[in-house]
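Single-letter residue listing:
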Amino acid sequence: AQSVAQPEDQVNVAEGNPLTVKCTYSVSGNPYLFWYVQYPNRGLQFLLKYITGDNLVKGSYGFEAEFNKSQTSFHLKKPSALVSDSALYFCAVRVYSGGGADGLTFGKGTHLIIQP
Amino acid sequence: AAGVIQSPRHLIKEKRETATLKCYPIPRHDTVYWYQQGPGQDPQFLISFYEKMQSDKGSIPDRFSAQQFSDYHSELNMSSLELGDSALYFCASSPNRGPITGELFFGEGSRLTVL
């Protein structure tokens with residue numbers, strides 16, 4: 001079974017500083033990794049994904065993530081944080097088992113707070 | 001661009017009542033997923049459908065059932081509601097059952113409150 005860990009419940013960053021939201025995964029096959037963002041009382045919005053290829057993946061709103069197979073990590077990063085980036089961020093993994101419509105397994109989420 | 005549509009957005013029910021949530025996937029998406037997100041929790045996978053047949057089952061209670069119809073919309077039926085069923089219920093769709101594109105597209109959710 002696959003799982004995702006987000007070790008930080010909350011990350012505080014000053015506006016303009018770089019940010020990192022951590023994610024590690026555990027899967028038995030090749031992982032397909034995703035980041036989603038959720039604003040209060042809203043649905044989850046897709047940010048970026050790693051399927052194969054370049055370890056550095058670029059996504060929406062200036063976010064990027066680095067896939068590290070040896071460390072089984074997929075940390076979310078942004079060079080310069082904005083106050084509007086404050087939200088709940090979920091890392092997720094999907095494994096293709098060859099049968100069934102495989103859904104996503106989510107981490108517990110990390111609250112990102114950007115301070116002006 | 002069309003998104004996943006969920007209705008109703010808000011629903012208030014009493015204990016032991018029943019509730020039905022509806023989901024209309026993005027056009028040409030044939031796979032639908034249902035998730036439950038309790039307060040302060042991560043989304044938990046309930047059930048999925050591919051081409052109108054149940055495809056995968058997660059932590060869906062026996063009191064809940066779901067189906068996907070010929071037009072690909074899906075309904076989640078919840079009976080004998082309990083206080084603990086109060087949550088945000090998300091529907092998501094994807095264009096196929098495999099990981100070719102990978103991402104799921106989520107609706108805005110239906111908030112169920114059980115009193």
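This text follows the structure it describes.
My aim in this report is to walk through the structure given alongside it, one point at a time.

Calculation criteria
Residues numbered from 1 in each chain as written. Chains lettered and ligands numbered in written order. Predicted model: local features only at pLDDT ≥ 70, side-chain atom pairs only at ≥ 80, totals over all residues. Heavy atoms only, no water. Salt bridge = Lys/Arg side-chain N within 4 Å of Asp/Glu carboxyl O. Helix = DSSP H or I, 4+ residues; strand = E, 2+ residues; numbered from the N terminus. Buried < 20%, exposed > 50% of the residue type's maximum accessible area, 1.4 Å probe, protein only. Pairing = 2+ DSSP bridges. Axes fitted to C-alpha atoms, helices over the stretch in contact; angles between N-to-C directions. Disulfide = S-S within 2.5 Å. Phe/Tyr/Trp six-rings, centres within 6.5 Å; stacked < 30°, edge-to-face > 60°. Polar contact = N/O pair within 3.5 Å; in protein donor to acceptor, adjacent residues only side chain to side chain. Core = buried A, V, L, I, M, F, W, Y, C linked by side-chain atoms within 4.5 Å.

## Considerations on the pattern of salt bridges
Residue and element names in this part refer to chain B.
Part 1: The full count for this structure, using the stated rule, is 10 salt bridges over all chains.
Part 2: A salt bridge links R63 to E82; the shortest N-O distance between them is 3.4 Å. Note that R63 is positioned in the loop between strand 6 (53-57) and strand 7 (64-68) and E82 in the loop between strand 8 (74-78) and strand 9 (87-94), a separation of 19 residues in sequence.
Part 3: A salt bridge links D85 to R63; its shortest N-O distance comes to 2.9 Å. Of this pair, D85 sits in the loop between strand 8 and strand 9 while R63 sits in the loop between strand 6 and strand 7; the two residues are 22 residues apart in sequence, bridging distant segments of the chain.
Part 4: Residue D85 is classed as buried on the basis of its relative accessible area of 4%.

## Remarks on the sheet that holds strand 7 of chain B
All names here are of chain B.
Part 1: Pairing in this open sheet of four strands is antiparallel, and the strands run 1-3-8-7 from one edge to the other. Two strands close off the open sheet at either side, each with one partner strand: strand 1 (5-7) and strand 7. For this sheet, the mean angle separating the axes of adjacent strands, direction not counted, is 15°.
Part 2: Where strand 3 (residues 19-24) and strand 8 come together, five bridges link them in antiparallel fashion.

## Structural notes on the state of the cysteines
All names here are of chain A.
Part 1: For the structure on display, the rule yields two disulfides over all chains.
Part 2: A sulfur-sulfur separation of 2.0 Å characterises the disulfide bridge that pairs C23 with C91. The sign of the S-S torsion, about -65°, decides the handedness of the disulfide formed by C23 and C91: left-handed. With C23 in the loop between strand 3 (19-21) and strand 4 (24-26) and C91 in strand 10 (residues 87-94), the pair connects residues that are 68 residues apart, well separated along the chain.

## Re the packing of aromatic side chains
Part 1: Across all of its chains, the model carries 13 aromatic pairs over all chains by this definition.
Part 2: Here the aromatic residues A:Y36, A:F46, A:F90, A:F106, B:Y35, B:F45, B:F90 and B:F106 are joined through ring pairs into a cluster of three or more.

## Focus: the side chain of B:Q37
Residues and elements named next belong to chain B.
Part 1: Positionally, Q37 belongs in strand 4 (residues 31-37).
Part 2: A relative accessible area of 7% means that Q37 is categorised as buried.
Part 3: In this structure the side chain of Q37 is engaged in a polar contact, spanning 2.9 Å, whose partner is the backbone oxygen of Q41.

## Some words on the nonpolar core
Part 1: Counting 26 residues, the largest nonpolar core has A:W35, A:L48 and A:Y89 as the members making the most contacts within it.
Part 2: Among the elements of the structure, strand 2 (10-14), strand 3, strand 5 (32-38), strand 6 (44-50), strand 8 (64-68), strand 9 (73-78), strand 10 and strand 12 (110-115) of chain A are those that each provide at least two residues to this core.
Part 3: With four residues, strand 10 of chain A is the single largest residue contributor to this core.
Part 4: Within the second largest apolar cluster, 22 residues are counted, among which are B:L46, B:I47, B:I60 and B:C91.

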